[in-house]
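# Close look at the chain arrangement
Listed below, chain by chain, are the residues.
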Amino acid sequence: MSTLELPSEGGCRCGQVRLKISAKPLLTMACHCTGCQRMTAGPYSLSAAIPTQGFEVTEGEPVIGGLHGDVIHHYFCPHCMSWMFTKLDGVDWFVNVRATMLDDTGWFTPFVETWTSEKLPWVTTPAKHSYAALPAMEDYEGLIGEYMGQR
Ligand SMILES: [Zn+2]
Ligand SMILES: [Zn+2]
């Protein structure tokens, strides 16, 4: 376990898209939903919710992939197709950065896990809070406060 050093840089598998975070995460999460299983080709996705002003794409031009939906915008490298970050329409205060894109991941552990109802049966994470689906909207403030307060 290391501690997060800011700014912290990251990039996709091929290196065409690079990003930088310069603010502490509001929350860290693992999502076990079958959509994340497909998009990561793994058991779950890992996210760090970074305040928008602390997130920057420094190289390359990410493109929309994943669901191509109206609400959830999944951003990918146009060349290697790594899933790099997600923005929610109408939510401008944070960006969900895929934690495994960061060059240093030693500080990361998921604080909340979501969609355990869809998880692979053998998977466990060290998350302190588990949800069968998603937390209620009114739960996020408490979760963020608890996560940020523990550091
Ligand atoms: Zn790439
Ligand atoms: Zn998911």
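Up top is the structure.
In this report, the structure presented in the accompanying data block is examined. (Residues numbered from 1 in each chain as written. Chains lettered and ligands numbered in written order. Predicted model: local features only at pLDDT ≥ 70, side-chain atom pairs only at ≥ 80, totals over all residues. Heavy atoms only, no water.)

## A short note on the side chain of S82
Assignment of secondary structure puts S82 in the loop between strand 7 (72–76) and strand 8 (83–88). Within the structure, the side chain of S82 is placed 3.1 Å from the backbone nitrogen of R13, a separation counted as a polar contact. Every residue in contact with S82, bar those within four places of it in the chain, is listed here: C12, R13, Y75, F76, C77 and M101. (Helix = DSSP H or I, 4+ residues; strand = E, 2+ residues; numbered from the N terminus. Polar contact = N/O pair within 3.5 Å; in protein donor to acceptor, adjacent residues only side chain to side chain. Contact = heavy atoms within 4.5 Å.)

## Describing the coordination of the zinc ion (ligand 2)
Looking at the zinc ion (ligand 2), one finds its protein donor set to be C31 (SG), C33 (SG) and C36 (SG), positioned 2.1 to 2.3 Å from the metal centre. Look at where the donors of the zinc ion (ligand 2) fall in the sequence and you get C-x1-C-x2-C. Of the two residues, C31 and C36, neither departs from the other in class, the shared state being buried. (Donors = N, O, S within 2.8 Å, 3.2 Å for Na, K, Ca; no water. Buried < 20%, exposed > 50% of the residue type's maximum accessible area, 1.4 Å probe, protein only.)

## Some details on the pattern of salt bridges
Summed over the entire model, instances satisfying the criterion amount to two salt bridges. Between R18 and E9 there is a salt bridge, with its nearest N and O atoms 3.8 Å apart. Taking the shortest distance from any N to any O, the salt bridge between R18 and D103 comes out at 2.7 Å. Note that R18 is positioned in strand 2 (residues 18–21) and D103 in the loop between strand 9 (94–98) and strand 10 (112–114), a separation of 85 residues in sequence. Judged by relative accessible area, which is 52%, D103 ranks as exposed. Through salt bridges with shared partners, a single ionic network connects E9, R18 and D103. (Salt bridge = Lys/Arg side-chain N within 4 Å of Asp/Glu carboxyl O.)

## Examining the coordination of the zinc ion (ligand 1)
Coordination sphere of the zinc ion (ligand 1), protein contribution only: C12 (SG), C14 (SG), C77 (SG) and C80 (SG), at 2.2 to 2.4 Å. One can describe the donor arrangement at the zinc ion (ligand 1) as tetrahedral, given that its four donor atoms subtend angles of 106 to 114 degrees at the metal. Counting residues between consecutive donors of the zinc ion (ligand 1) along the chain gives the motif C-x1-C-x62-C-x2-C. Placement of the pair is C14 in the loop between strand 1 (8–11) and strand 2 and C77 in the loop between strand 7 and strand 8, with a sequence separation of 63 residues. For C14, a relative accessible area of 36% translates into the label partly exposed. Here C77 falls in the buried class, since its relative accessible area comes to 0%. (Tetrahedral: all angles 85-135°; square planar, octahedral: opposite > 155°, others 65-115°.)

## Digging into the environment of T34
One can find T34 in helix 1 (residues 34–40). C-alpha separation for the pair T34 and L120, spaced 86 residues apart in sequence, amounts to 9.1 Å.

## Focus on unusual backbone geometry
For the bond from L6 to P7, the omega torsion is -5 degrees, close enough to zero to count as cis. As for its position among the elements, P7 is in the segment before strand 1. With a phi close to 55 degrees, A41 is a non-glycine residue in the positive phi region. Mapped onto the elements, A41 comes out in the loop between helix 1 and strand 4 (45–51). Classification of A41 by relative accessible area gives exposed; the value is 74%.

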